[in-house]
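Understanding the architecture of this molecule
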Amino acid sequence: MKKISILGIGWLGENLAKTLLEGKNKVVGTVSSKARAEALQKLGINAYCYQLGDKLNGKEEFLEADAFILTLPPSAAKPHYVREIKTLLAVIKQKQPLAAIFYTSSTSVYGNQAVHVDESSPTNPQSDNAKSIREVEQYMLKNFRKAILLRLGGLVGPNRHPVHYLAGREKLKQASAPVNLVHQNEVIKAILFLLALEQRKLIYNLVCPEHPEKSSFYQKVAKNLKLSLPNFDANDKTDNKTVVPRLIQEDGYTFIYKSPYDFPESKE
């Protein structure tokens, strides 16, 4: 049995916590409200109400972990996200310097260059959120021997698929750009795989190995789900990166979903 602490038990973190519990692990986590904490406690998850910047007084159990998984995005603590994450990481380092510490980063740190990128590619974040994520990454790589950065593509899962946002819209950009998506189930499986792996890399891209063209993919999925078809601007030639999940496959991981067409949420 391992003791796992999850910072931010939200849409991804809750199903991750439940899966870890099924594997007979002890799970401790933080949520943003007392009601959520009480609901998770009924499931056997030792959840605490906590916001970035709070003191951990009375929550010392959170620091007694074999591994930490940080899932809070920059939107969780604007404008002080980087500062508060660093403060928490410093406390974790003091208490558990040899613990594995996972951070759910984003492929947005690579920027928008129209090239194939893998874990060895340079970062070039464009948005403020991506710049904040890269700063946290750099801090972790400098200060933790067992830092694991999980650069996630766009997340899909129960009640969450970008096609619902795009359905019926007109003149969408990047018609021919590659799709870089990953399913919630895939992220959870990958984390379990990496927790059990003795020799880990520092950075892993987590996206489907196959990258259909944006317009073809979303029109097909919208048709499958009987939604209004999105319309793409055929004259817009703006491209985007193709993210390659090279290292996790080299470590022996097998993807559940090779293509985003395989997601249950992409089908009827």
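Refer to the structure presented above.
As a starting point, this report considers the structure included with it. Source: prediction; values computed, not measured. (Residues numbered from 1 in each chain as written. Predicted model: local features only at pLDDT ≥ 70, side-chain atom pairs only at ≥ 80, totals over all residues. Heavy atoms only, no water.)

1. A closer look at the overall build of the protein
We count it as follows: Strands are runs of DSSP state E lasting at least two residues, helices are runs of H or I lasting at least four, and both sets are numbered from the N terminus onward. This radius of gyration counts C-alpha atoms alone. The globule rule is 2.2 Å times how many residues there are, raised to the power 0.38. Think of it in three bands: residues with accessible area under 20% of the maximum for their type are buried, residues over 50% are exposed, and the middle band is partly exposed, with areas taken using a 1.4 Å probe on protein chains only. Here, residues are in contact when the closest pair of their heavy atoms is within 4.5 Å. Shrake-Rupley sampling with a 1.4 Å probe provides the accessible areas, and residues are treated as covered by the protein chains on show and by no other component. Positive charges come from Lys and Arg alone, negative charges from Asp and Glu alone, with His and the N- and C-terminal ends not counted. Charge placement uses NZ in Lys and CZ in Arg. For Asp and Glu, CG and CD serve respectively.
Helices and strands together make up the secondary structure of the protein, namely eight helices and 11 strands. Taken over C-alpha atoms, the radius of gyration comes to 19 Å for the protein, in line with the 18 Å a tight globule of 268 residues would show. For the protein, buried positions account for 50% of its 268 residues. Of the contacts formed within the protein by residues at least 6 apart in sequence, a portion of 77% connects residues at least 24 apart. Carbon and sulfur atoms make up 48% of the accessible area of the protein, which totals about 12,900 Å². The distance from the centre of the 37 positive side-chain charges to the centre of the 27 negative ones in the protein is 3 Å.

2. Observations regarding helix H4 (residues 128-143)
The test is simple: In this analysis, the expected span of each helix is defined as 1.5 Å times one less than the number of residues it contains. Directions pointing from the helix axis toward each C-beta atom define the arc.
Look at H4: 23 Å from first C-alpha to last across 16 residues, which is about the 22 Å you get at 1.5 Å a residue. Along H4, the residues classified as buried are Ala130, Ser132, Ile133, Val136, Glu137 and Met140. Down the axis, H4 shows its buried residues gathered within 160° of arc, on one side only. Turned more than 90 degrees off the buried face of H4, the exposed positions are Asp128 and Lys142. Tucked inside the fold, the buried residues of H4 contact helix H3 (81-95), strand E5 (100-106) and strand E7 (147-152).

3. Some words on the packing of helix H1 (residues 11-22) against helix H6 (residues 184-196)
We apply this condition: A fitted line through C-alpha atoms represents every axis, and for helices the fit uses only the stretch in contact; the resulting angles, taken between N-to-C directions, go from 0 to 180 degrees. Any angle from 65 to 115 degrees is called roughly perpendicular, while one under 35 is roughly parallel, one over 145 is roughly antiparallel, and all others are oblique. By definition, any crossing whose near helix is turned counterclockwise from its far helix by less than a right angle is left-handed, and any crossing with a clockwise turn is right-handed. When residue character is reported, Ala, Val, Leu, Ile, Met, Phe, Trp, Tyr, Cys and Pro are called nonpolar, Asp, Glu, Lys and Arg charged, and the others, Gly included, polar.
It is at 10 Å that the axes of H1 and H6 come closest, and there the two elements cross at 50°. With respect to their mutual orientation, H1 and H6 come out oblique. Both H1 and H6 take part in a crossing whose hand is right-handed. Only Gln184, Val187, Ile188, Ile191, Leu192 and Leu195 of H6 make contact with H1, whose side of the interface consists of Trp11, Leu12, Asn15, Leu16, Thr19 and Leu20. Of the residues in the contact of H1 with H6, the class split is nine nonpolar, three polar and no charged.

4. Observations concerning the side chain of aspartate 118
As a reminder, the rule being used: Contacts described as polar in this section are N or O atom pairs within 3.5 Å, which, within protein, must combine one atom able to donate a hydrogen with one able to accept it, while residues neighboring in sequence count only if both atoms come from side chains.
As for its position among the elements, aspartate 118 is in the loop between strand E6 (116-117) and H4. Taking the relative accessible area as the measure of exposure, aspartate 118 reaches 16% and is therefore buried. Within the local environment of aspartate 118, its side chain forms a polar contact with the side chain of arginine 246, the two groups lying 2.8 Å apart.

5. As for the packing of aromatic side chains
Our working rule: Aromatic contacts are taken between Phe, Tyr and Trp rings whose centres are within 6.5 Å, Trp giving its six-membered ring; a plane angle under 30 degrees counts as stacked, one over 60 as edge-to-face, and the others as tilted. In this scheme, Lys NZ or Arg CZ marks a charge over a ring once it lies within 6 Å of the ring centre and within 35 degrees of the ring normal.
Per the stated rule, a full pass over the model turns up six aromatic pairs. An angle of 70° between the planes, with centres 4.9 Å apart, marks the rings of phenylalanine 217 and tyrosine 218 as edge-to-face. The exposure class assigned to tyrosine 218 is buried, which follows from its relative accessible area of 6%. An aromatic cluster is defined as three or more aromatic residues linked by ring pairs; in this entry it consists of Phe193, Tyr253 and Phe255. A cation sits over an aromatic face here: arginine 160 above tryptophan 11, 4.5 Å from the ring centre. In this arrangement the basic side chain of lysine 189 is found over the ring face of tyrosine 253, its NZ or CZ atom lying 4.8 Å from the centre.

6. Focus on the nonpolar core
Worth spelling out the cut-off: The criterion is simple. A nonpolar core is a set of buried Ala, Val, Leu, Ile, Met, Phe, Trp, Tyr and Cys residues joined through side-chain atoms within 4.5 Å.
Counting residues in each nonpolar core, the largest one holds 35 residues, and the members touching the most others are Ile6 and Leu150. With six residues, H6 is the single largest residue contributor to this core. Beyond its immediate chain neighbours, meaning those up to four positions away, leucine 150 contacts Phe102, Tyr103, Thr104, Ser105, Ser106, Ile191, Leu194, Tyr204 and Leu206.

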